[in-house]
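Listed below, chain by chain, are the residues.
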Amino acid sequence: MTRIQAVAPGATSEDTSTAALSAHTTRLARTYNQVHVPRKYVPGKRRFSVYWTWSYPWEANRDSSELDNRFSTMTEVRRVGWPNYESVEYSEKMFLQGIAGTLELFHLSLVSFQNLIGEVTGQPVAVYQRIDQAGQRLPIDERILADTDTLMVFGLDHMVTEQEASLDEIEALWNFLKREGTCLILGPHHDVGVSDNLKERQMEYAHHGDPLVPRQQRFGKYTRSVMKGLGVPVENRYGLRPATVDGTTRTVPLSLTKDLDTRGWMTDVTTFVFHMHLPHYAVTTDDLRAIHVLARQPIDVSKPHPFTEAGNREFNMFLWMPPSGDRAGDILLADSTIFTTLFGGDESLHRFWKNLATK
């Protein structure tokens, strides 16, 4: 489970405010169980869609006595984050207390991104789930892609839930990327505890320091299958703790490769967000023209990790595959936590969001 970092009373404006999220969602009526209303194409006004790759029922129904490869229950989140979730809106009267409650936190944490992108583009951000709470299955096809310019595929499916892109979905994504002006953002999450060596798993656990993440938590079979199908030469590996400014949870600045960022994705962006276990996007090709690593995050080396023991001091955090051949659209890789507010956020992060909407 990715760590939930709620904000207690008196928190600064830079921190996540779950209370603020709740307050904002009450301004307009929330709807559910509706068919999406297609958005009209408007030049310069990008239409964003988010696709959660999980099977909500399969994740929510996992046995909470299992130690590995599941999300935390809301009760576990409350225990670790106490007293941040001890208000009425997160009580059993108002909020789901099992794993489903934690999944709903991810939905709530996306509201700030949806609001900002909506303000910049004038288009609402559509949100889809591969299999939703009611067991309704929605593969990636023209129902999603026809009115989408930027598709964000958030790979938070545990590998044990067997989510995998079909050949029809890969073909649909290929056709989507043949359209001028399209962008596919892939966000495979971390892959913790791959080794069979239990001591190595414990080393990884001690490195990131999050009690909500089990010794093995492997994410992203769906996004892995998409990357394979589209020829994206990347693997998501590990769960690495970023280096922070002493005494704070503010990450030290990213290492940027500005000469490769000809589109300007990282213009005026210096940091993303602190998260205790971020994936390293390992490039698996020697073709330097195929994919550009635009941002690397320095690692917290205060506690060992197999990746740092091998001599690494940074991990790949934001990558770009420019249009090539028949592919007119861009492919980006960035972790889903960069787009939620469970882990804070500041003007640099918001600048990144705006760049995605305008570049």
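Residues numbered from 1 in each chain as written. Predicted model: local features only at pLDDT ≥ 70, side-chain atom pairs only at ≥ 80, totals over all residues. Heavy atoms only, no water.

Visitor: Explain the overall build of the protein chain to me, and be specific about the residues and the numbers.
Guide: The helix and strand inventory of the protein chain stands at 11 helices and 12 strands. For 359 residues, the compact-globule formula gives about 21 Å, and the C-alpha radius of gyration of the protein chain, at 19 Å, lands near that figure. Dimensions of the protein chain, computed from C-alpha atoms along their principal axes, come out at roughly 50 × 50 × 40 Å. Burial analysis of the protein chain (359 residues in total) assigns 54% to the buried set. Taken as two groups, the 38 positive and 44 negative side-chain charges of the protein chain have centres that lie 2 Å from each other. (Helix = DSSP H or I, 4+ residues; strand = E, 2+ residues; numbered from the N terminus. Rg over C-alpha atoms; globule rule 2.2 N^0.38 Å. Buried < 20%, exposed > 50% of the residue type's maximum accessible area, 1.4 Å probe, protein only. Lys, Arg positive; Asp, Glu negative; His and termini not counted. Charge placed at Lys NZ, Arg CZ, Asp CG, Glu CD.)

Visitor: Give me the side chain of aspartate 210: which residues, what numbers.
Guide: Mapping aspartate 210 onto the fold places it in the loop between helix H8 (198–208) and strand S6 (217–218). Its relative accessible area of 0% is what places aspartate 210 among the buried residues. Side chain to side chain, aspartate 210 and histidine 277 meet in a polar contact 2.8 Å long. (Polar contact = N/O pair within 3.5 Å; in protein donor to acceptor, adjacent residues only side chain to side chain.)

Visitor: Please give an account of the environment of glutamine 163 that cites residues and values.
Guide: Assignment of secondary structure puts glutamine 163 in the loop between strand S3 (150–155) and helix H7 (167–177). With relative accessibility at 4%, the residue glutamine 163 sits in the buried group. Sequence spacing of glutamine 163 and valine 42 is 121 residues, and the spatial spacing of their C-alpha atoms is 34 Å. In terms of polar contacts, glutamine 163 uses its side chain to reach the side chain of arginine 130, at 3.4 Å.

Visitor: Lay out the packing of H7 against helix H9 (residues 221–230) with the relevant residues and their values.
Guide: Look at H7 against H9: their axes get within 10 Å of each other, and the N-to-C directions meet at 60°. Between H7 and H9, the angle is such that the two are oblique. Crossing handedness for the pair H7 and H9: right-handed. Residues Glu169, Ile170, Leu173, Trp174 and Leu177 of H7 form the contact with H9, whose own contacting residues are Tyr222, Ser225, Val226, Gly229 and Leu230. A breakdown of the residues in the contact of H7 with H9 according to their chemical character gives seven nonpolar, two polar and one charged. (Axes fitted to C-alpha atoms, helices over the stretch in contact; angles between N-to-C directions. Parallel < 35°, antiparallel > 145°, perpendicular 65-115°, else oblique. Left-handed = near helix turned anticlockwise from the far one by under 90°. Contact = heavy atoms within 4.5 Å. Nonpolar A, V, L, I, M, F, W, Y, C, P; charged D, E, K, R; others polar.)

Visitor: Give a detailed account of helix H4 (residues 99–109), specifying residues and quantitative values.
Guide: For an α-helix, 3.6 residues make a turn, and residues three or four places apart therefore share a direction. Most of H4 sits inside the fold, with 11 of its 11 residues counted as buried. Those residues of H4 that sit buried are Ile99, Ala100, Gly101, Thr102, Leu103, Glu104, Leu105, Phe106, His107, Leu108 and Ser109.

Visitor: So what about the packing of aromatic side chains? Which residues, and what values?
Guide: The tally for this structure, following the rule as stated, stands at 21 aromatic pairs. Judged by centre distance (5.9 Å) and plane angle (45°), the rings of tyrosine 51 and tyrosine 222 are tilted. On the criterion of sequence distance, the pair formed by tyrosine 51 in strand S1 (residues 48–55) and tyrosine 222 in helix H9 is long-range, its members being 171 residues apart. Residues tyrosine 51 and tyrosine 222 agree in their burial class; the two are buried. Residues tryptophan 265 and tryptophan 320 carry aromatic rings whose centres are separated by 6.1 Å and whose planes lie at 75° to one another, so their mutual orientation is edge-to-face. (Phe/Tyr/Trp six-rings, centres within 6.5 Å; stacked < 30°, edge-to-face > 60°.)

Visitor: Break down the pairing of strand S11 (residues 314–321) for me, citing the residues and quoting the values.
Guide: Burial within S11 is extensive, with seven of its eight residues counted as buried. Bridge analysis of strand S10 (residues 292–298) against S11 gives six bridges, and the strand direction is antiparallel. Bridging from a neighbouring strand, histidine 292 pairs with tryptophan 320 of S11. As paired strands, S11 and strand S12 (residues 330–333) are joined by three bridges and run antiparallel to one another. Bridging from a neighbouring strand, tryptophan 320 pairs with leucine 332 of S12. (Pairing = 2+ DSSP bridges.)

Visitor: If you had to explain unusual backbone geometry to someone new, which residues and values would you point to?
Guide: Cis geometry is adopted by the peptide bond preceding proline 83, which originates at tryptophan 82 and carries an omega value of 5°. Positionally, proline 83 belongs in the loop between helix H3 (74–81) and H4. At asparagine 33, a residue that is not glycine, the phi angle is positive and equals roughly 65°. For asparagine 33, the location among the structural elements is in the loop between helix H1 (18–25) and S1. In this structure, glutamate 162 is a non-glycine residue whose phi angle is positive, near 60°.

Visitor: Just give me the short version of the layout of surface pockets, but keep the residues and values in it.
Guide: Considered as a void within the structure, the largest pocket measures approximately 1800 Å³ in volume. Surrounding the largest pocket, 38 residues form its lining, Thr31, Tyr32, Val125, Ala126 and Val127 being those nearest its centre. Secondary-structure elements contributing two or more residues to the lining of the largest pocket are H1, H4, helix H5 (111–121) and strand S2 (126–131). In the lining of the largest pocket, the residues fall into 16 nonpolar, 14 polar and eight charged. (1 Å grid on protein atoms, 1.4 Å probe; cavity = no way out; pocket = protein on both sides within 12 Å on 5 of 7 lines; lining within 4 Å. Points joined across faces, edges and corners; volume = space filled by probe spheres on them.)

Visitor: Explain the nonpolar core to me, and be specific about the residues and the numbers.
Guide: Ranked by size, the top nonpolar core spans 54 residues in total, and within it Phe272, Phe318, Phe339 and Phe352 carry the most contacts. Ranked by residue count, the leading element in this core is H4, at six residues. Grouped together as the second largest cluster of nonpolar side chains are 30 residues, Leu145, Leu177, Tyr222 and Ile291 included. (Core = buried A, V, L, I, M, F, W, Y, C linked by side-chain atoms within 4.5 Å.)

Visitor: So, the sheet that holds strand S4 (residues 183–188): which residues are in play, and what are the values?
Guide: What the eight strands build is an open sheet, ordered S2-S1-S3-S4-S12-S11-S10-S8; its pairing is mixed. One side of each edge strand has no neighbouring strand; the edge strands of this open sheet are S2 and strand S8 (255–256). The sheet contact formed by S4 and S12 spans four bridges and is parallel. Within S12, the position partnered with leucine 184 by the bridge is isoleucine 331.

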